[in-house]
Amino acid sequence: QVLLVESGGGLVQAGGSLRLSCAASGRTFSSYAMGWFRQAPGKDREFVATISASGGSTYYADSVEGRYTISRDNAKNTVYLQMYSLKPEDTGVYYCAQGPDRYIRQRPYQYDYWGQGTQVTVSS
């Protein structure tokens with residue numbers, strides 16, 4: 001059984017930074033791509049960033065490109081999302097997800113497993 005546990009969310013002022021972590025267990029972490037998504041109140045879950053199994057490929061939503069960095073440490077079974085220059089519109093629950101194979105993907109339905117989410121609130 002795969003378990004994904006996010007941490008690192010919180011309240012931050014606009015322009016600030018946060019780093020989210022997602023610890024995975026249950027299957028060989030280094031064999032699967034990972035993704036971050038977010039969901040604001042009343043809105044659909046949206047893609048944020050994804051990283052391939054090896055970490056060699058990444059892809060970002062246009063809204064976060066240049067401000068967020070996704071990375072992973074396969075020795076620690078953990079994926080990270082470093083967020084800089086945060087804006088109020090970045091507010092939401094952030095979820096990590098694990099894909100079905102090593103390749104990066106953008107659609108929520110393409111991911112097999114999900115964490116419980118961590119709240120990020122950016123005040124203006």
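Scroll up to find the structure.
What you see is a predicted model, and the numbers here were worked out from it, not measured in a lab. (Residues numbered from 1 in each chain as written. Predicted model: local features only at pLDDT ≥ 70, side-chain atom pairs only at ≥ 80, totals over all residues. Heavy atoms only, no water.)

Turning our attention to the side chain of Arg-38. Tracing the sequence through the fold places Arg-38 in strand S4 (residues 34–39). For Arg-38, a relative accessible area of 5% corresponds to the buried category. Within the structure, the side chain of Arg-38 is placed 3.5 Å from the side chain of Ser-63, a separation counted as a polar contact. (Helix = DSSP H or I, 4+ residues; strand = E, 2+ residues; numbered from the N terminus. Buried < 20%, exposed > 50% of the residue type's maximum accessible area, 1.4 Å probe, protein only. Polar contact = N/O pair within 3.5 Å; in protein donor to acceptor, adjacent residues only side chain to side chain.)

So, on to the environment of Val-79. Position of Val-79 relative to the elements: it lies in strand S8 (residues 78–83). With 45 residues separating them in the primary sequence, Val-79 and Met-34 have C-alpha atoms 7.3 Å apart. Excluding residues within four positions of it along the chain, Val-79 makes contact with Leu-20, Ser-21, Cys-22, Phe-29, Met-34, Trp-36, Ile-51, Ile-70, Ser-71 and Arg-72. (Contact = heavy atoms within 4.5 Å.)

Bringing the state of the cysteines into the picture now. In protein chemistry, a disulfide is the covalent bond that joins the sulfur atoms of two cysteines. A complete count under the given rule lists one disulfide for this structure. What pairs with Cys-22 in a disulfide is Cys-96, and their sulfur atoms sit 1.9 Å apart. Classification of the bridge connecting Cys-22 and Cys-96 rests on its S-S torsion, roughly 45°, and on that basis the disulfide is right-handed. You can see Cys-22 sitting in strand S3 (residues 18–25) and its partner Cys-96 sitting in strand S9 (residues 92–98), a full 74 residues away along the chain. Across the pair, Cys-96 and Cys-22 agree in class, each one buried. (Disulfide = S-S within 2.5 Å.)

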